Structures are given as structure tokens and as C-alpha cells.
Amino acid sequence: MVSSLDGAAQHDGRSQPISCAADMRIFGTLRGLADVVLVGAETVRKEGYRPARAREAFADRRRAAGQTPAPAVAVISAGLDLDFSAPLFTSPLTPTLILTGEKAREDRKKEAEQAGARVVVAGEGRGVDPARAVAALAGLGLTRLLTEGGPRILGQFIAAGVLDELCLTLSPMVTSGEAQRIADGPGIAVPKRFSLASLLEEEGFLFTRYRRT
Ligand SMILES: NC(=O)c1ccc[n+]([C@@H]2O[C@H](COP(=O)([O-])OP(=O)(O)OC[C@H]3O[C@@H](n4cnc5c(N)ncnc54)[C@H](OP(=O)(O)O)[C@@H]3O)[C@@H](O)[C@H]2O)c1
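If you're wondering where the values come from, they're calculated on a predicted model, not measured in any experiment. (Residues numbered from 1 in each chain as written. Predicted model: local features only at pLDDT ≥ 70, side-chain atom pairs only at ≥ 80, totals over all residues. Heavy atoms only, no water.)

## Some remarks on the site of the ligand
Point 1. Taken together, 27 residues form the shell around the ligand, and within it A9, T43, E47, S77 and V128 come nearest.
Point 2. If you list the elements that add at least two residues to the shell around the ligand, you get α2 (41-47) and α7 (151-159).
Point 3. If one sorts the elements of the shell around the ligand by residue count, α2 sits on top with 6 residues.
Point 4. Residues belonging to the shell around the ligand are distributed by class as follows: 9 nonpolar, 11 polar and 7 charged. (Near = heavy atom within 4 Å. Helix = DSSP H or I, 4+ residues; strand = E, 2+ residues; numbered from the N terminus. Nonpolar A, V, L, I, M, F, W, Y, C, P; charged D, E, K, R; others polar.)

## Some details on the side chain of E148
Point 1. By the secondary structure assignment, E148 is in the loop between β6 (145-147) and α7.
Point 2. At 2.5 Å, the side chain of E148 forms a polar contact with the side chain of Y49.
Point 3. Apart from the residues within four sequence positions on either side, E148 is in contact with M1, F27, R31, V37, L38 and Y49. (Polar contact = N/O pair within 3.5 Å; in protein donor to acceptor, adjacent residues only side chain to side chain. Contact = heavy atoms within 4.5 Å.)

## Points about the sheet that holds β6
Point 1. Strand order in the open sheet formed by 5 strands is β5-β4-β3-β2-β6, with parallel pairing between adjacent strands. Strand pairing shows two members of the sheet lacking a second neighbour, β5 (118-121) and β6, which therefore form its edges. On average, each strand axis in the sheet is inclined to that of its neighbour by 25 degrees, with strand direction left out of account.
Point 2. Relative to β5, strand β4 (residues 97-100) runs parallel, the two sharing 4 bridges. Within β5, the position partnered with L99 by the bridge is V120.
Point 3. Most of the contacts of helix α6 (residues 130-139) go to β4, to which it runs at about 145 degrees, and overall it touches β2 (36-40), β4, β5 and β6. (Pairing = 2+ DSSP bridges. Axes fitted to C-alpha atoms, helices over the stretch in contact; angles between N-to-C directions.)

## Looking at the environment of S198
Point 1. Relative to the elements of secondary structure, S198 occurs in strand β8 (residues 194-202).
Point 2. By relative accessible area, S198 is classed as partly exposed at 29%.
Point 3. With 86 residues separating them along the chain, S198 and A112 place their C-alpha atoms 39 Å apart. (Buried < 20%, exposed > 50% of the residue type's maximum accessible area, 1.4 Å probe, protein only.)

## Topic: the pattern of salt bridges
Point 1. Per the counting criterion, the structure on display carries 12 salt bridges.
Point 2. A salt bridge links R25 to E202; the nearest nitrogen and oxygen atoms lie 3.4 Å apart. Of this pair, R25 sits in helix α1 (residues 21-33) while E202 sits in strand β8, and the two are 177 residues apart along the sequence.
Point 3. When its relative accessible area of 51% is taken as the criterion, R25 is described as exposed.
Point 4. Overall, the relative accessible area of 31% leaves E202 in the partly exposed class.
Point 5. Of the charged contacts in the structure, one is a salt bridge between R63 and D60, with a shortest N-O distance of 3.1 Å. Of the two residues, R63 and D60 are both situated in helix α3 (residues 56-64); the distance of 3 residues between them amounts to about one turn of the helix. Both residues of the pair, R63 and D60, count as exposed.
Point 6. Three or more residues joined by partner-sharing salt bridges are found here, namely E42, R45 and K46. (Salt bridge = Lys/Arg side-chain N within 4 Å of Asp/Glu carboxyl O.)

Structure, rendered in C-alpha cells:
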């Protein structure tokens, strides 16, 4: 996740204006290590998500770890109002997953599957229960999960206690306005403590990695 100094997680609906080249290198590295990239449907719609690429620098490491050449993308959606004709669903290197609830629309699930996506049910209603999503992915052998947001997804993962590491880029910019912060979900009774695992700097941007204590 990337945040401005004053806590904005996006500007004009996108994170790119508060990001930088080094941030994108780290973004790519995290993808290079992941089995699967989890992302909320709104981020897919707003940022025009495409399939993850296979990167030469990670090829040997991924092969040795028994991973696919590129991570799968898992889109979290209740309404399934997604463009299933987009390359994210029709032509990924590793089939895209749709995480949704038991009561999500059957016709939309079918459309997703016809486009080539794999539907994974991880919730009792229309929505997804984060702990159940983590377990369902583990059941498919996908245990190295990278959650790319957006804020509503991250907020629910935090509240459910399934976030064990946070890679946060602090961008040397202020935006004011009404942008969401990086986590926008149900509150938790007692703030959870994380410890700093690493810190890098380039051109005033701080690249932090925190682990749950
Ligand atoms: N700063 C950063 O690092 C960063 C990272 C990512 C995104 N962003 C920004 O964040 C914004 C989008 O974030 P957002 O918080 O509005 O949306 P989001 O978390 O990306 O997606 C929200 C959508 O996810 C689905 N969803 C949420 N909870 C669900 C659940 N429990 N079960 C099933 N589906 C669920 C719903 O999709 P349906 O409507 O399809 O049901 C909901 O509309 C964009 O502007 C993006 O640029 C910033």
C-alpha cells in the first residue's frame, strides 16, 4: 500500500499520483514472490487491472518453489459486476480467481467461468469472509498471499486478524481532500501492534515493511 504524508491512499481515484518508480519496483518484487494477488473489485475497476506478468528475474526462484511463472490474481467481489471480456479474465498466464459468497448471482459466476476464471466461494452470504478466503486459497495450495487493497478490502482483512505483514510506502506528498486512508473497514477494539522489519529510502519516499508482533 502507498500513503501520502497526510494519509491519502489515492488521488483522483488512483494510487499512481502518490507512487514513484521505486514503489513500482517494490510492487513488482512483491508480486514476484507471491502465489496469488488478492484485490478488491473496485480497485480492479478503477485501476484497470491486467494479469500479472512473468518476470525473468523471478523465473528460477518460482520454478524451484513450485510456483506458476506469474501469480494468479484473485478478485474479491460480491456483486460480480466485472468486465469478464477483459484480458484479466480471458488471457492471464495463471487463471484469475474470483472470490465471492455462496449467494452471489449464479449467472455472473457462470459468465466468469466461461471467460476462463475460477470461482472460489468463501462466504455465507453474497460477500467474502476474509478468514475463509485465506483458508480456501490455502486449500488450493496458495499460501503466499499478497493483498493489494483497496482500502475496503485491507480494512476487513485487518479487522478479521488475517493481516500478518504490511508493506507500506510513505510518499513525501500531501493531498488534503477526502481520499480514503489505506484501511477503510470495521474498527477493532484494541489497536494491533506491528514491528518494523525493514526500512528503505529513495528520493524522500520511505519503503517500510512491518510484521505483526
Ligand atoms: N494506496 C494504495 O496503495 C491503494 C491500493 C489499492 C487501491 N487503492 C485505491 O483504492 C480505491 C479503491 O478502493 P476501495 O476501498 O474503494 O475498493 P476495494 O477495496 O478495491 O474494492 C471494494 C469492492 O470489493 C468488493 N468487496 C469488498 N468487501 C467484500 C467482501 N467482504 N466480499 C465480497 N466482495 C467484497 C466489492 O465489490 P463488488 O462491488 O464487485 O461487490 C466492493 O465494491 C481506488 O481508488 C484505488 O486506486 C489504493
